[in-house]
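Letter by letter, the chains look like this.
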Amino acid sequence: MICSSCGFEIKDKRHGPYNGRFVCDNCWNNPALFFPDKMTQLIENIAQNDVKSDISQYNTVEVIDIFQNFPKINSQPLEGLWKNIANIKLKIKVIKIQQKGMPLYIGKVQAKELLLLATSDQWRDTVLDGYQREKFREKTNEIKKYLEGCSISIIPAILASFNDAIFIASEDDIGILEIPLRPGSISILDGQQRTAGFEEIHKEIKKLQTKHSMPNREELIQKYIELLSFEIPIVFVDSKAIIEKIKKESHGSLIIKQSELEGAFFFIINKTQKPVNPSLKDELAYKTFKAGITGIPIIEKEKWRTEIVPIVNELNKESSPFKGLINLGGSTGNGHPVPLFSFVSSLKPLFDNISFKELSFTQKTNFLINYWTCIRRMYPKGFDEKTRKQFLLLRTTSIYAFNYLSNDIFSWCIDDGIDPYDVKSIEKFLGPLEDFNWDKDTSPFAFLGGGKGVRKAHEVLLKELSEKGITHATEAIRKNAC
């Protein structure tokens, strides 16, 4: 029998089956490899012994593995054991403070405790959910190197949220915060990259445990294990109490989900730090506004964006010409070439159009779907995954130019008394552009970029239409020149 892990013949004890296959004893005992049943005994030990927040009696790396692989080993036979573990509390000495009636708790945790309990709500394009930006391996490796190599390395306070914890006061506002010892009992609001830096240290220990011939192996393992005891300042937000406060103040008219509240906090914090990707910022601003959370200046200042975002989300769906082409969360390397931020920004002239403002959400969406459907029919190669890189259709400058032109064409339809939602009405004005050159090497757009380039690109399209006999375009050029 062949080991499904190493590929060698199993000559001694076998373990499994895992999806119908077995592994050898050497692989099963490899600390860098994870097997659900391997952890069963350790889970039972934790569940049956009240560790009173002291997990040092167990193998730190294995315990972290158990908690981080919780979804894989949360099987029916272990369900009761996990419930018993959740009855054990991590006890943290904290100071309670109030900010505008919202309870916050300031304390400290060790890095290994953070890795056991913390989770982050990652943004997902597929369901338009979550709020955390993507983790950058380069950044987390920098944090790991900083922790292990700098003699004065410090980690700023992490902001986290909990929904299920008990504060036991002992003196004034000093007391103990008891948090259930279970995966995901803490949500990271600010500090995801810092936490991921300690995850890299955990991974490094697992790698070292497999390198038996390395001369300074034990010394390095000990060094990294000590780093997992690194004390990190942390501020806890009592999400449940804040949600109840908002509900009470609104007399029950505003009920906010925990994820919406956490997303709002994430947005507020990060607007003064390294900027969140503009596209993810637009999505979070819209979700925060939709949830009824008001008074955030940066959202109020550009509230118009919160109206456009859900329409652009619709443009990215199955029935739209932009299906899967708009990068909604700003993640890199996902094959979605059109940034949400740019698309939203380019639509401002259209949404400022007085006649367009009066339309319903559905009417606005339908107009844009019909408009871009016409464009896609005219230039299919510019949208096709295999050929689009050779053309400039989906470049930022072109998106701006076409969306600026959408405002012109909508107004021209209204002026001529024709239906702007009728594809034929739109084709009347777009049709003359059918032979326009979009090749990335020879197009008139090839050397245009930036704000001036966008305006010039719009002028190029108007000029082309004017030369093809569209009198409205001639008038638009004249007005723009004034």
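Look above for the structure.
From a predicted model like this one, the values you see are computed outputs, not experimental measurements.

So, how was this worked out
Every residue gets a number counted from 1 within its own chain, in the order that chain's sequence is written. The predicted nature of this model means local features are confined to residues of pLDDT at least 70 and side-chain atom pairs, given and counted, to a pLDDT of 80 or more, with totals for whole chains, interfaces and linings taken over all residues. Hydrogens and water are ignored here; the side-chain numbers use all heavy atoms of the structure. What counts as a helix is a DSSP run of H or I of at least four residues, what counts as a strand is a run of E of at least two, and both are numbered from the N terminus. The buried label goes to any residue with under 20% of its type's maximum accessible area, the exposed label to any with over 50%, and the partly exposed label to all in between, with areas taken from a 1.4 Å probe on protein chains only. The contact criterion used is simple: two residues touch if any of their non-hydrogen atoms lie within 4.5 Å. Shrake-Rupley sampling with a 1.4 Å probe provides the accessible areas, and residues are treated as covered by the protein chains on show and by no other component. Note on terminology: a nonpolar core comprises buried Ala, Val, Leu, Ile, Met, Phe, Trp, Tyr and Cys residues joined through side-chain atoms within 4.5 Å. By convention, a stacked pair of Phe, Tyr or Trp rings (six-membered ring in the case of Trp) has centres within 6.5 Å and planes under 30 degrees apart, an edge-to-face pair has planes over 60 apart, and any other such pair is tilted. A strand pair is defined by DSSP finding two or more bridges across the two strands. To obtain an axis, a line is fitted to C-alpha atoms, over the contacting stretch when the element is a helix, and the angle between two such axes runs from 0 to 180 degrees between their N-to-C directions. We define a salt bridge as a contact between a side-chain nitrogen of Lys or Arg and a carboxyl oxygen of Asp or Glu at a distance within 4 Å.

S.K.: Please clarify how the overall build of the protein chain should be interpreted in this entry.
M.R.: Helices and strands together make up the secondary structure of the protein chain, namely 22 helices and 12 strands. Across the 482 residues of the protein chain, 46% fall into the buried class. Considering only contacts within the protein chain whose residues lie at least 6 apart along the sequence, 65% involve residues at least 24 apart. Total accessible area computed for the protein chain in this model is approximately 24,400 Å², and 51% of it derives from carbon and sulfur atoms.

S.K.: I tried to follow the environment of V61 on my own but got confused; where do I start?
M.R.: As for its position among the elements, V61 is in helix α3 (residues 60–68). Judged by relative accessible area, which is 2%, V61 ranks as buried. Residues V61 and K203, 142 residues apart in the sequence, show an inter-C-alpha distance of 8.8 Å. Once residues lying within four places of it in the same chain are set aside, the contact partners of V61 are H202, I205, K206 and Q209.

S.K.: So what exactly am I meant to see when it comes to the nonpolar core here?
M.R.: A general trend in soluble globular proteins is that nonpolar side chains are found buried together. Counting residues in each nonpolar core, the largest one holds 55 residues, and the members touching the most others are F322, F343, F402, L405, W412 and L430. Looking at this core, the elements with two or more residues in it are α14 (303–315), α15 (340–346), α16 (348–352), α18 (361–378), α19 (396–416), α20 (423–430), α21 (450–467) and α22 (471–481). Apart from residues lying up to four places away in sequence, F343 is in contact with V312, L315, F322, I326, V338, W372, I399 and N403. Of all hydrophobic cores here, the second largest spans 40 residues; its members include I155, I186, F198 and I205.

S.K.: Is there a simple way to think about the packing of aromatic side chains in this case?
M.R.: The description of an aromatic ring pair uses the distance of the two centres, along with the angle that the planes make with each other. Scanning all chains against the criterion turns up 22 aromatic pairs. An angle of 40° between the planes, with centres 6.0 Å apart, marks the rings of Y105 and F162 as tilted. Placement of the pair is Y105 in strand β4 (residues 102–110) and F162 in strand β6 (residues 158–162), with a sequence separation of 57 residues. Each member of the pair, Y105 as well as F162, carries the same accessibility label: buried.

S.K.: Sorry if this is basic, but what is going on with the sheet that holds strand β8 (residues 174–180) here?
M.R.: Two strands in a sheet stick together by hydrogen bonds in their backbones, pointing the same way (parallel) or opposite ways (antiparallel). The strand order across the open sheet built from 8 strands is β5-β9-β6-β10-β4-β3-β8-β7, with neighbouring strands paired in mixed fashion. If you trace the sheet from one side to the other, it starts and ends with β5 (118–119) and β7 (166–171), each paired once. Two elements, strand β3 (residues 89–99) and β8, share 7 bridges in a ladder whose sense is antiparallel. Residue pairing across strands places K89 opposite P180, the latter belonging to β8. Those strands touched by helix α10 (residues 239–249) are β4, β6 and β10 (231–238), and its axis lies near 30° from that of β10. Of the strands in this sheet, β4, β6, β9 (186–190) and β10 touch helix α11 (residues 258–270), which is tilted by about 30° from β9.

S.K.: What should I look at first to understand the pattern of salt bridges in this one?
M.R.: Pairing between side chains of opposite charge can happen when the charged atoms of each approach one another. Using the criterion set out here, one finds 18 salt bridges in the structure. Note that D190 is salt-bridged to R194, the shortest N-O span being 3.1 Å. The exposure classification of D190 matches that of R194, with both residues buried. Close ionic contact of E464 with K468 constitutes a salt bridge, the shortest N to O distance being 3.4 Å. Exposure remark for E464: the relative accessible area of 18% places this residue in the buried category. By relative accessible area, which is 37% here, K468 ends up partly exposed. Through salt bridges that share partners, D435, E464 and K468 make up one connected network.

S.K.: Sorry if this is basic, but what is going on with the side chain of T288 here?
M.R.: By the secondary structure assignment, T288 is in helix α12 (residues 278–290). Residue T288 is classed as buried on the basis of its relative accessible area, which comes to 3%. With near-sequence residues (within four places) excluded, T288 lies in contact with A264, I293, I296 and I299.

S.K.: For this particular structure, what's the right way to read unusual backbone geometry?
M.R.: Trans peptide bonds make up the majority, and among non-glycine residues the majority have a negative phi. The step from G16 to P17 runs through a cis peptide bond, and the omega angle for that step is 0°. With respect to the helices and strands, the residue P17 is situated in strand β1 (residues 14–18). Despite not being glycine, K100 has its phi angle at roughly 55°, a positive value. On the secondary structure map, K100 appears in the loop between β3 and β4. On the basis of relative accessible area, K100 is assigned to the exposed category, the value being 75%.

S.K.: So what exactly am I meant to see when it comes to the side chain of E464 here?
M.R.: Mapped onto the fold, E464 is located in helix α21. Those residues in contact with E464 that lie beyond four places of it in its chain are L433, D435 and F436.

S.K.: Got a minute to help me understand the environment of K11 in this structure?
M.R.: Structurally, K11 can be placed in the segment before β1. Each C-alpha atom of the pair K11 and D25 lies 9.0 Å from the other, and the pair is 14 residues apart in sequence.

S.K.: What am I meant to see in the pairing of β6 here?
M.R.: Within β6, 5 of the 5 residues are buried, which leaves it mostly tucked inside the rest of the structure. Neither face of β6 is open: one carries I158, A160 and F162, the other L159 and S161, and all of them are buried. Here β6 runs beside β10; their pairing, made up of 5 bridges, is parallel. Bridging from a neighbouring strand, I158 pairs with I234 of β10. The pairing of β6 with β9 spans 3 bridges and is antiparallel. The residue bridging L159 from the neighbouring strand is D190, located in β9.

S.K.: Can you walk me through the pairing of β4 in this structure?
M.R.: Sheet analysis places β3 next to β4, joined by 5 bridges and oriented antiparallel. Within β4, the position partnered with I97 by the bridge is L104. Hairpin connection from β3 to β4: 2 residues lie between these consecutive antiparallel strands, with K100 at a positive phi of about 55°. Where β4 meets β10, 7 bridges bridge the pair, whose relative direction is antiparallel. Looking at the pairing, K108 lines up with P233 of β10.

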